[in-house]
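Survey of secondary and tertiary structure
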Amino acid sequence: MLLCDPPERVCQDWGLEIAPPEYFVTQARREQLEQVLARRQHAPKHGTVGAVARDRYGHLAAATSTGGIVASSQGRIGDSPVIGAGTFARDGVVAVSCTGDGEAFLQGVVAHEVDAQMRLAGQPVDRAALGALTDEVSSRLTGHAPATDGLIAVDSCEQLVICHMSASMLAAWPDHGEVLTSV
C-alpha cells in the first residue's frame with residue numbers, strides 16, 4: 001500500500017496517465033450518495049472484485065480491489081489493500097481474496113489465517129477457508145449484526161474454493177474452456 005501526498009507526483013514519476021477527480025464521479029453515484037446521506041437509501045455494503053490464480057509453474061497470486069463504502073469516513077482504508085487481511089498469497093500453499101465487512105477482516109487477519117490453517121494445522125483449503133470465516137469474521141459484529149463475509153481461494157493443487165456466509169457472492173471461474181458462475 002502506498003499513501004503519499006500528492007499522489008499525482010508518484011503517478012507522473014511512474015509514467016501513468018492522470019485523470020482529474022471529477023472523471024471518477026458519475027451521475028448515478030452522485031445520486032446514490034445523496035440518497036444515502038439523506039437516509040432515503042441504505043448504503044450498499046460491498047463492491048469488491050477479487051482474483052486468485054495458479055500459473056502453469058505452480059506460482060500463486062491474489063489481488064483484491066474494493067469499490068469502497070458509500071459515505072464512509074474520509075481517509076478510511078479497508079481490508080482489501082492490507083496484505084494478510086483481505087489479500088494474501090504464498091507459493092506452495094494458497095492464494096486468497098476476501099470480501100465483506102473490512103473491519104472484521106482486519107481484526108481477524110483473515111486471508112493470512114487461511115494460509116496459517118493450511119500450512120501449520122494441515123487443513124485442506126475448503127476447511128481452512130470456512131474456519132477462517134467462521135472464527136474470524138462471522139463471530140464479530142458490525143453495528144448490531146454479525147459481519148458478512150466471503151472469500152475465494154486456490155491452493156497449490158489447483159483446488160478452488162468459493163466460500164461465503166452472506167446472502168450471495170458472485171463468482172466466476174474457468175473449467176475446461178468454459179466459464180462457470182455462481183451467485
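Bear in mind that the values here come from a model prediction, so they are computed numbers and not experimental data. (Residues numbered from 1 in each chain as written. Predicted model: local features only at pLDDT ≥ 70, side-chain atom pairs only at ≥ 80, totals over all residues. Heavy atoms only, no water.)

For the structure shown, the criterion picks out 4 salt bridges. Here Arg-9 and Asp-13 are joined by a salt bridge, their closest N and O atoms 3.8 Å apart. Taken as a pair, Arg-9 and Asp-13 lie in helix α1 (residues 7-13) at a separation of 4 residues, close to a single helical turn. No difference in accessibility class separates Arg-9 from Asp-13, as the two residues are exposed. Arg-90 is the partner of Asp-115 in a salt bridge, and the nearest nitrogen-oxygen pair spans 3.1 Å. Residue Asp-115 is found in helix α4 (residues 110-121), and its partner Arg-90 is found in strand β3 (residues 87-90); the two are separated by 25 residues along the sequence. (Salt bridge = Lys/Arg side-chain N within 4 Å of Asp/Glu carboxyl O. Helix = DSSP H or I, 4+ residues; strand = E, 2+ residues; numbered from the N terminus. Buried < 20%, exposed > 50% of the residue type's maximum accessible area, 1.4 Å probe, protein only.)

Among the nonpolar cores identified, the biggest contains 22 residues, and Val-94, Val-96, Val-110, Val-114 and Leu-151 are the most heavily contacted of them. Of all the secondary structure elements, the ones that give two or more residues to this core are β4 (94-100), α3 (102-108), α4, α5 (125-138), β7 (149-155) and β8 (160-164). A total of 6 residues in this core trace back to one element, the largest contributor, which is α5. In this view, Val-114 contacts Val-94, Val-96, Ala-128, Ala-129, Ala-132 and Leu-151; residues no more than four positions away in its chain are not counted. Residues Leu-60, Ala-95, Ile-152 and Met-169 belong to the second largest nonpolar core, which totals 6 residues. (Core = buried A, V, L, I, M, F, W, Y, C linked by side-chain atoms within 4.5 Å. Contact = heavy atoms within 4.5 Å.)

Turning next to the environment of Leu-170. By the element assignment, Leu-170 lies in the loop between β8 and β9 (171-175). According to the relative accessible area criterion, Leu-170 is exposed, its value standing at 69%. Spatially, the C-alpha atoms of Leu-170 and Val-183 are 4.5 Å apart, while their sequence positions differ by 13 residues. With residues up to four places along the chain from it excluded, the contact list for Leu-170 reads Ser-182 and Val-183.

Turning our eyes to something else, we now look at the confidence of the model for the chain. Summary statistics for the chain give a mean pLDDT of 84 and a share of 86% for residues scoring 70 or more. No element of the chain has a lower mean pLDDT than strand β5 (residues 141-142), which averages 70, and none a higher one than α4, which averages 97. (pLDDT = per-residue confidence, 0-100.)

For any two helices packed against each other, one specifies the inter-axial angle together with the distance between the axes. Where α4 contacts α5, the axes come no closer than 8 Å and their chain directions differ by 135 degrees. When the axes of α4 and α5 are compared, the pair comes out oblique. α4 and α5 meet at a crossing whose hand is right-handed. Contact with α4, carried on its side by Val-110, Glu-113, Val-114, Gln-117 and Met-118, involves Val-125, Arg-127, Ala-128, Ala-129, Gly-131, Ala-132, Leu-133, Asp-135, Glu-136 and Val-137 of α5 and no other residues of that element. Taken together, the residues of the contact of α4 with α5 break down into 9 nonpolar, 2 polar and 4 charged. (Axes fitted to C-alpha atoms, helices over the stretch in contact; angles between N-to-C directions. Parallel < 35°, antiparallel > 145°, perpendicular 65-115°, else oblique. Left-handed = near helix turned anticlockwise from the far one by under 90°. Nonpolar A, V, L, I, M, F, W, Y, C, P; charged D, E, K, R; others polar.)

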